[in-house]
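Inside the fold
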Amino acid sequence: MFIDISQAPFVYIREEVESSIPVTEQIQQLLAQDQPFVLITNHRHDDRQDETAEERKEKALFFKKVKERMRQLCRGMIVVEGEKPIPAAMRLVAATASKAFGFAVKFAASEEQAIQQGRELLAGDQ
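Reference entry: report on the structure contained in this document. (Residues numbered from 1 in each chain as written. Predicted model: local features only at pLDDT ≥ 70, side-chain atom pairs only at ≥ 80, totals over all residues. Heavy atoms only, no water.)

1. So, the overall build of the protein chain
For the protein chain, the count of helices and strands is 4 helices and 5 strands. Secondary structure of the protein chain in N-to-C order comes out as β-β-α-β-α-β-α-β-α. Since a compact globule built from 126 residues should have a radius of gyration of about 14 Å, the 14 Å found for the protein chain is in line with a globular shape. If you line up the protein chain on its principal axes, its C-alpha atoms span 35 × 35 × 25 Å. In the protein chain, which comprises 126 residues, the proportion classed as buried is 36%. Within the protein chain, counting contacts between residues at least 6 apart in sequence, those at least 24 apart form 74% of the total. (Helix = DSSP H or I, 4+ residues; strand = E, 2+ residues; numbered from the N terminus. Rg over C-alpha atoms; globule rule 2.2 N^0.38 Å. Buried < 20%, exposed > 50% of the residue type's maximum accessible area, 1.4 Å probe, protein only. Contact = heavy atoms within 4.5 Å.)

Right under this line is the structure:
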């Protein structure tokens, strides 16, 4: 996974790109910039089925550690659905996750729509 900050404040989670830097370190680098951002991803619920229980546990502990900082800086996450809409059950999971994360989780049909939604989320700061 690669956290692409080249178009900040729009930060892309690139599942299809591998990075030599661990995801946890990439996120820490993002948070260290101390700037509001919006996450945009095409992440699907089955992308990480190969993770072990131990890897999921470590990731959960990390996100618990940075949760407050994420709440301060992340204005939302937008999932680009593409041609295959996300099922209602997954949207419900996202709504629950939204409350736990402390930021909005939204859905967009295209990357262009995701950017527009991201602009709206960032404009809420002003």
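2. What to know about a negative patch on the surface
Taken together, the side chains of Asp50, Glu54, Glu55 and Glu58 present a region of like negative charge at the surface. Within the secondary structure, Asp50 sits in the loop between β3 (37–41) and α2 (53–73). (Patch = residues over 30% accessible without salt bridge, like charges linked within 9 Å, V, L, I, M, F, W, Y side chains within 5 Å. Areas by Shrake-Rupley, 256 points an atom, 1.4 Å probe, with all protein chains shown as cover. Salt bridge = Lys/Arg side-chain N within 4 Å of Asp/Glu carboxyl O. Lys, Arg positive; Asp, Glu negative; His and termini not counted. Charge placed at Lys NZ, Arg CZ, Asp CG, Glu CD.)

3. Considering the packing of aromatic side chains
Across all of its chains, the model carries 2 aromatic pairs by this definition. Here the aromatic rings of Phe62 and Phe63 are separated by 5.4 Å at their centres, their planes lie at 70°, and the arrangement is edge-to-face. Exposure remark for Phe63: the relative accessible area of 30% places this residue in the partly exposed category. Above the ring of Phe107, the side-chain terminus of Arg91 is found at 4.4 Å from the ring centroid. (Phe/Tyr/Trp six-rings, centres within 6.5 Å; stacked < 30°, edge-to-face > 60°. Lys NZ or Arg CZ within 6 Å of the ring centre and 35° of its normal.)

4. Details of the nonpolar core
Judged by nonpolar contacts, the single largest core of 22 residues is most densely connected at Ile3, Ile27, Leu31, Phe37, Leu39 and Met70. Of all the elements in the fold, those that place two or more residues in this core are β2 (10–14), α1 (23–32), β3, α2, β4 (74–80) and β5 (104–108). (Core = buried A, V, L, I, M, F, W, Y, C linked by side-chain atoms within 4.5 Å.)

5. Focus: helix α3 (residues 88–101)
Each full turn of the α-helix corresponds to 3.6 residues, which orients residues three or four apart in the same direction. The terminal C-alpha atoms of α3, which comprises 14 residues, lie 20 Å apart, in line with the 20 Å expected from a rise of 1.5 Å per residue. Gly102 lies just past α3 and shows a positive phi near 85°. (Expected span 1.5 Å × (residues − 1).)

6. Regarding α2
An ideal rise of 1.5 Å per residue puts 30 Å on 21 residues; α2 measures up with 29 Å between its terminal C-alpha atoms. Along its length, α2 reaches its greatest deviation from straightness, about 55°, at Val66. For α2, the set of buried residues is Phe62, Val66, Met70 and Leu73. Where α2 is buried, its residues contact α1, β3 and β4. (Bend = angle between axes of the 7 residues up to and from the residue.)

7. Some thoughts on the sheet that holds β4
The strand order β1-β2-β3-β4-β5 describes an open sheet built from 5 strands, whose pairing is mixed. Every other strand in the sheet has two partners, leaving β1 (2–7) and β5 as the edge strands with one partner each. Across the sheet, the mean angle separating the axes of adjacent strands is 25° when strand polarity is ignored. Where β3 and β4 come together, 5 bridges link them in parallel fashion. Residue pairing in the sheet places Ile40 in a bridge with Ile78 of β4. In the packing of α1 onto the sheet, contacts are made with β1, β2 and β3, and the angle to β1 comes to roughly 30°. (Pairing = 2+ DSSP bridges. Axes fitted to C-alpha atoms, helices over the stretch in contact; angles between N-to-C directions.)

8. Considering the pairing of β4
For β4, the buried fraction is high: 6 of the 7 residues fall into the buried class. As judged from the 5 bridges shared by β4 and β5, these two strands associate in the parallel manner. In the strand pairing of β5, Met77 is matched with Val105. Of the crossover connections in this fold, the one passing from β4 over α3 to the parallel β5 is right-handed. (Right-handed = clockwise from strand over helix to strand, strands pointing away.)

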